[in-house]
Amino acid sequence: MERQAKIMDMKEYIEEAESSLLHTYNRFQIVLDKGEGVHLYDINGKEYLDFVAGIAVFALGYGNKAYNDALKAQIDKLIHTSNYYYNVPAVEAAKKLKAASGMDRVFFTNSGAEAIEGAVKTARKYAFLKDGRTDHEIIALEHSFHGRTMGALSVTGNQKYRDPFEPMIGNIHFARMNDIDSVLSQVNDKTCAILLETVQGEGGLTPATKEFLAAIRKVCDEKDILMMLDEIQCGMGRTGTMFAWQRYGIKPDVMTSAKALSCGVPMGAFMMTEKVGQNSLVAGDHGTTYGGNPLACAATNAVFDQYEKLHVLDNVNKVAPYLEKKLKELMSRHTCIKEHRGVGLMQGLLFEQPVGPIINRALDKGLLLINAGANIIRFVPPLVITEADVDQMISILDTCIEE
Ligand SMILES: *Cc1c(COP(=O)(O)O)cnc(C)c1O
């Protein structure tokens, strides 16, 4: 038998990665190998408590047996067809998503950004069918994040991300979160959609207020403008309801989902009401090769099944107030923490200085955290975490801030 090749150490893998992968991320200097529950392990076997969850993705935690088994079974059955044929997992996933969201029509994508692209095309087509114009405008928000493809970037309210890639798709206007006048002052008869995250993620964990969403709903109703909510990060139970807008007493015309929708298999979706579905995209207008393939849809189906079985929403509603209390206590002990933000298991702490050094110290001590902008630590753990996990996280973070 051939002698087994020497297993590379962590540093060698990192060097190799940096010589091959395009350097679009300043990565943490660890190589992850496996996961179990709310813990990840690097290739040396070091354990990390995970308060990142692959950026709000792995809601179920790692190694959920039913989820893994469902994927394995689907792999052996059928991985991919094409959207020119029907497949059973996609039919089931669409049904589950409709039931969870109250939307009527679903288009599956491979990512969040692709879901946003679809939502933008839906809005333009809807307006085009009404008046035949080709100069419609979309209002998005400052500090928003909707993804990195050209259309999604065009509606992302962060100039640093956009500037090097100008020109954008055009006719996008930016308003301020929770400032309805800044929205209304930009509405005109060319406006086809108002797009926002129900709770801003990357931009700083800012929830929309009830009044703000109600006022947007009102102007959208009056002028037949599409209200489009990006639930890619805040959806799928993260704030305690399946979708964050469901606690506001309003309903969007179009919404997007991704991230926790399949807990790790590339998957996203944009959804709409029947009225929008009947008056926007038709055969030939939009497509995707992989989107909604049997494997990805089997993952989504397993996610919905496990949410029910494990009472994931109940757990969020139980642990989130505890996390909030503990973060606020931490804030009262450290004057460098200026503000607590967020809702559900999507919370953040605003520091008066950049948080990079704190996050790196936490990594050394076996805790994964991520920022949201330079001065905010974002807490987006798996939705199955316990109060004991919160205690452990707080105790590590506490020492990292002290240092
Ligand atoms: C992550 C994210 C996106 C982009 O999703 P990708 O799958 O990375 O393309 C869009 N909107 C929000 C709110 C997000 O958090």
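Note that the structure is a prediction, hence the values are computed from the model and not measured. (Residues numbered from 1 in each chain as written. Predicted model: local features only at pLDDT ≥ 70, side-chain atom pairs only at ≥ 80, totals over all residues. Heavy atoms only, no water.)

Can you lay out the packing of aromatic side chains for me, pointing to particular residues and giving the numbers?
For any two aromatic rings, the description comes down to two numbers: the centre-to-centre distance and the angle of the planes. Applying the stated rule across the entire model yields four aromatic pairs. Judged by centre distance (4.8 Å) and plane angle (35 degrees), the ring pair of Phe58 and Tyr62 falls under tilted. Taken as a pair, Phe58 and Tyr62 share a single burial class, namely buried. Ring centres of Phe145 and Tyr161 lie 6.0 Å apart, and the angle between their planes is 80 degrees; this geometry places the pair in the edge-to-face category. Within this pair, whereas Phe145 is found in the loop between β5 (137–141) and α6 (150–154), its partner Tyr161 is found in helix α7 (residues 159–162), the two being separated by 16 residues in sequence. As far as the burial class goes, Phe145 and Tyr161 line up, both buried. Here the aromatic cluster, defined as three or more aromatic residues joined through ring pairs, consists of Phe58, Tyr62 and Tyr67. Arg148 extends its terminal NZ or CZ atom over the ring of Tyr161, reaching a point 3.9 Å from the ring centre. (Phe/Tyr/Trp six-rings, centres within 6.5 Å; stacked < 30°, edge-to-face > 60°. Buried < 20%, exposed > 50% of the residue type's maximum accessible area, 1.4 Å probe, protein only. Helix = DSSP H or I, 4+ residues; strand = E, 2+ residues; numbered from the N terminus. Lys NZ or Arg CZ within 6 Å of the ring centre and 35° of its normal.)

Got a sec to walk through helix α9 (residues 210–223)? Specific residues and values, please.
The terminal C-alpha atoms of α9, which comprises 14 residues, lie 20 Å apart, in line with the 20 Å expected from a rise of 1.5 Å per residue. Here α9 has its buried residues at Phe212, Leu213, Ile216, Arg217, Val219 and Cys220. Contacts made by the buried residues of α9 are with β5, α8 (180–184), β7 (191–197) and β8 (226–230). Of the residues trailing α9, Asp224 is marked for its positive phi of about 55 degrees. (Expected span 1.5 Å × (residues − 1). Contact = heavy atoms within 4.5 Å.)

Which residues make up the pairing of β5, and what are the values?
With respect to burial, β5 is a largely interior element, five of its five residues being buried. Residues Glu137, Ile139 and Leu141 line one face of β5 and the alternating positions Ile138 and Ala140 line the opposite face, and both faces are buried. Pairing of β5 with β7, which is carried by three bridges, proceeds in the parallel orientation. By the bridge assignment for β7, Glu137 is matched with Thr191. (Pairing = 2+ DSSP bridges.)

I'd like a rundown of the sheet that holds strand β13 (residues 367–368), residues and numbers included.
Taken together, four strands build an open sheet; the order of strands is β1-β2-β3-β13 and the sheet is mixed. Both outer strands of the open sheet, β1 (32–36) and β13, are each paired with one neighbouring strand and no more. Sheet topology places β1 next to strand β2 (residues 39–42); four bridges connect them, and they run antiparallel. By the bridge assignment, Glu36 is partnered in β2 with His39.

Go over the site of the ligand with me, naming the residues and quoting the values.
As a structural note, the neighbourhood of the ligand is formed by Ser111, Gly112, Ala113, Phe145, His146, Gly147, Glu197, Asp230, Ile232, Gln233 and Lys259. Between Gly112 and the ligand, the recorded distance is 2.8 Å, taken from a backbone N or O atom to an oxygen atom. In the model, an oxygen atom of the ligand is placed 2.7 Å from a nitrogen or oxygen of the Ala113 main chain. For the ligand, whose free accessible area comes to 380 Å², the fraction covered by protein is 81%. (Near = heavy atom within 4 Å. Polar contact = N/O pair within 3.5 Å; in protein donor to acceptor, adjacent residues only side chain to side chain. Areas by Shrake-Rupley, 256 points an atom, 1.4 Å probe, with all protein chains shown as cover.)

Just give me the short version of the layout of surface pockets, but keep the residues and values in it.
Here the second largest pocket defines a volume of roughly 1,200 Å³. As for the second largest pocket, its lining consists of 32 residues, and the residues nearest its centre are Asn83, Val106, Phe107, Phe108 and His286. Counting residues per element, the lining of the second largest pocket draws most heavily on helix α4 (residues 88–101), which supplies five residues. Along the lines of polarity and charge, the residues of the lining of the second largest pocket split into 14 nonpolar, 13 polar and five charged. (1 Å grid on protein atoms, 1.4 Å probe; cavity = no way out; pocket = protein on both sides within 12 Å on 5 of 7 lines; lining within 4 Å. Points joined across faces, edges and corners; volume = space filled by probe spheres on them. Nonpolar A, V, L, I, M, F, W, Y, C, P; charged D, E, K, R; others polar.)

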